[in-house]
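Descriptive structure summary
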Amino acid sequence: MFQTSFCDAYEKYKCAIIIDMLDIYQTLEISKVLDEVITFSHTEIAKEKIRNLKILPLDEVTQALTMVDEMSDFITKFGPLPIQGSFDLSKFVDIANKGGILSAAELDHIATDILTLEKLVSFFRRADKSQYFSIVSLLEKATDINVLEERIHKVVAPNLSIKDDASPELKKIRTSIFQKEQSVRGITFSLIQKYHEFLSEDTVTIRNDHYVLPVEAVNKNKVKGIIHDISDSGQTVFVEPTELVQLSNEICVLKIDEKEEIYRLLRMLTEKVRFYGSQILNNNKIIGELDFVSAKAMYANEHDAYTATFSNEKVIELIGAKHPLIDKDKVVANDFKFDENQRIIIISGPNAGGKTVALKTLGLLVMMSEMGLAIPTRERANLSYFPRIYADIGDNQSLSDNLSTFAAHVSNLSTITHFVTSKDLVLLDELGTGTSPNEGEALALAVSDFLLEKKCFAFISSHFEKMKEYAYRREGITNAMMVFDEKNLLPTYILKIGFPGRSYGLEMANRYHLDKEVVEKASKNLAKTGTRSISDVIDKLNSVLRENEELNKELKEEKRLLEGKKKDVDYQSKVLKGKKENLLEDVEKTKESIINDAIKQVNDVLKILNKPDVKAHELIEAKTKLSKLNETNEVFDENDEINIGDYASVADLDIVGKVTKINKDKVEL
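What counts and how
Residues numbered from 1 in each chain as written. Predicted model: local features only at pLDDT ≥ 70, side-chain atom pairs only at ≥ 80, totals over all residues. Heavy atoms only, no water. Phe/Tyr/Trp six-rings, centres within 6.5 Å; stacked < 30°, edge-to-face > 60°. Helix = DSSP H or I, 4+ residues; strand = E, 2+ residues; numbered from the N terminus. Buried < 20%, exposed > 50% of the residue type's maximum accessible area, 1.4 Å probe, protein only. Pairing = 2+ DSSP bridges. Core = buried A, V, L, I, M, F, W, Y, C linked by side-chain atoms within 4.5 Å. Contact = heavy atoms within 4.5 Å. Axes fitted to C-alpha atoms, helices over the stretch in contact; angles between N-to-C directions.

1. A word on the packing of aromatic side chains
Using the criterion set out here, one finds 11 aromatic pairs in the structure. Here the aromatic rings of F338 and F459 are separated by 5.9 Å at their centres, their planes lie at 90°, and the arrangement is edge-to-face. One end of the pair, F338, is in strand β7 (residues 334-338); the other, F459, is in strand β12 (residues 457-461), and 121 residues separate them in sequence. Residue class for F338 comes out buried when judged on its relative accessible area of 1%. We classify F459 as buried; its relative accessible area is 1%. Ring geometry for F386 against F457: centres 6.0 Å apart, planes inclined by 50°, an arrangement best described as tilted. In this pair, F386 sits in the loop between β9 (382-383) and β10 (389-392) while F457 sits in strand β12, placing the two residues 71 residues apart along the sequence.

If you want it as C-alpha cells, here you go:
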C-alpha cells in the first residue's frame, strides 16, 4: 500500500518536473523564432502548427527535415506555393454535422480551399516525384471535390451575396421585387409632387422596409397613410402614403419569400458540406501541412540555413553557427564541437563577453533542429538526438515562489541531477554563483563531476579559476574562452575551444576610472590568493594561442601560394603536352610526305628502266636519282656533330626530324 502510494507520488512529481522543464522553450526564446516562421505562412492550420511546435521524436524529426529540404529546393526552382489563404474548416464542417446552416462567407471559404488545392495540384505537376517524394506523396492523398466548389459558386457571388440565378425560384422572386419597387418609385415621384407643400424635404426614404415621405409634423393629417417613425427633433414624421401600402406589403411578402429561398439554398449547400465533410477536412489539412512546410523552407532560405543530419554517434558539430535572433549583419558565427572525448566544455571570459549568447546559441540550434527547423550554420550540422535539453541560464529569481536567485539555480540543478541521462544536453550559465565563492566553486566542481560521470554533453560557463584547472586535469572536459580585445577592452564574441579565458575585472575597473589605489590594492590582494598567478598562466597560454594563430595564417598563406604554383605547373604541363601532340602530328605528316615523294621518285626510275629502248642518258639520270634516295638517313643524338640534311632525334619529345637550319646552338627540324 505504502509502496504504491509512493510510486504514484513519484510519478506525479516526475510529470511535474517534465512539465516544468518545458520552460526550456521560454529560456531559449524559441517563441521569437516561431513568430518569424509564422510570417511566412498563409493558413490558419499552419500558423497554429508553428505556434505549438515542440521537440519531435527522432523519426518524425528526420521526416520533417527531409520535407523542408525538398520544399526549399522546390521553392528555389519554381517559386512560392500558390496559397493566398486558408481557414481551418473543421469548425464549419462541425456546424454542418450538428445541423446548423453555413453562411455564404463560410461556404465561400470552403470553395476557396477547393480552388487552392486545385492550384497546388497543378503547381506540383512539374515536380519529379523521385526528387520531391515526401511533398508529392502528401499531395497525392488529396481528394477531388471540385463539384462542391462549382455548386457553392453557382449560388454565392464573389462579393458573398447570393446570385440572382442561384435558382429559378429566386430569380422569379427578385424579378417581381424589382418590378414592384419600380412601381413604388413611380408612384412616390407623383406623391412628392402632390404633397410637396407638406413635406420637410422632397425625397422618399425607407423605414421598417416601407417607403415613407418626410412630412412636417404640423401637416401630418394632410397626408393619408401610416406613420412609421418620428425624427429625433419631433419636427418630422415619416408617413407611408395609403397609395403605397398595398405595394409595400406585397414587396415585404416577396422579401420574406426571398429569405426563405436563400435559406433553402444555404441549407442544401450545407448538406453537401456535411456529405463531403471528411474529404474537406483531409484536403484542408494537406493545404495547411504544405503551407507549414513551405513557411519553414522560406524561413530557411531567408536565413541561409541548413537542415541538420542526425548521427547514431554521440556528437555535436555546428560549423559557423549563428544565433537566429541577432541581426544578421552583427551576429558572430562560432563553431561548437562535442564528442565522446570532449563531452563537457567549460567556457570562461569577461562579463558581457558573449558566454550566455554562446550557451543559448548551442541550445537553440539543437532545439530548432529537433523541432524540424533548419538552422543558420555555414554547412550542414551533424548532431546526436537529445531527448531532453536542460538549461539553467540567466537570473531565475522567483518572487512568486519566494526563491532567491541561488535557490532557483539549485532547484534547477536538483531537477537536472535527478533526471539527466547520458543522452541529454545540459546548459549551465555561471554555475555556482549566488553564494559564497568557496562554496559556489566547490558546488560547481561537484556538479561538473556528476555530469561527467553521467556521460551527458554539457556546456558550462564559469568564472571560477579552479574550474579552469579542473578542465585541464580531467579527461572528457575541455576549456573554452570568449576572445577579448585586450587592447580596446572590448568583446569580440568569438568562441575559442581549448583555452580558458580571463575575466579582465581589474582592467575593466581601470577603464571605467575606478580609483587607482583601489585597483592596485585589489591587484595585490589577488596576488596573495594565488589567483593572479593563474591569470598570468592564462595570459601566457593566450599569447601562445595568438602566436599559433599567426603561424597558422602564415602556413595557410604559404599553402595558398604553393597551390597556386602547382596550378601553374599543371597548366604548363598541359600546354607542353598539347605542343608535343601537335609536333608529333606535324612529324607524321612530314614523314608521310617524304615517303610519298620517295615512292614517286622510285616509280619514275622504274618507268625509265622498263622502257624497251632506254637510252644511255636516261640510265644515267635514273642512277643519279637512286643515288640520292640512297643517301644516309642516319639519326644523330645530341652529342654528335650535326649538319644540315642530317636526321636528328629529340628524346624528350620522342620524335625524329631532318635538320633544315642550324643557328649556333639551335637546330631546326
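2. Some remarks on the pairing of strand β4 (residues 236-241)
For β4, a buried count of six out of six residues is recorded, marking the element as mostly surrounded by other parts of the structure. Burial of the side chains of β4 extends over both faces: T236, F238 and E240 are buried on one face and V237, V239 and P241 on the other. One ladder, built from four bridges, connects strand β2 (residues 210-216) with β4; its direction is antiparallel. When the sheet's bridge partners are listed, P214 is paired in β4 with F238. Note that strand β3 (residues 225-230) and β4 share five bridges and pair antiparallel. By the bridge assignment, I227 is partnered in β4 with V239. Taken together, β3 and the strand that follows it, β4, pair antiparallel across an intervening segment of five residues, in which G234 is found at a positive phi of about 80°.

3. Considering the nonpolar core
In this structure, F124, L318 and F459 are the most contacted members of the largest nonpolar core, which totals 73 residues. Discounting residues that sit within four places of it in the chain, L318 has contacts with N334, D335, F336, L362, L365, I375, T377, A381 and L383. Membership of the second largest hydrophobic core comes to 25 residues, among which are F92, A166, L266 and L269.

4. Section: the environment of V332
Relative to the helices and strands, V332 is located in the loop between β6 (316-321) and β7. Sequence separation between V332 and A321 is 11 residues; the distance between their C-alpha atoms is 8.3 Å. Beyond its immediate stretch of four places on either side in the chain, V332 contacts A321, T492, Y493 and I494.

5. Points about the sheet that holds β3
One open sheet accounts for four strands, arranged β1-β2-β4-β3; its pairing is antiparallel. Two strands in the sheet have a free side with no partner beyond their single neighbour: β1 (205-207) and β3. Pairs of neighbouring strands in the sheet enclose a mean axial angle of 50°, with direction left out of account. Two strands pair when backbone bridges link them, and β1 and β2 are joined in this way by three bridges, in the antiparallel orientation. By the bridge assignment for β2, R207 is matched with H210.

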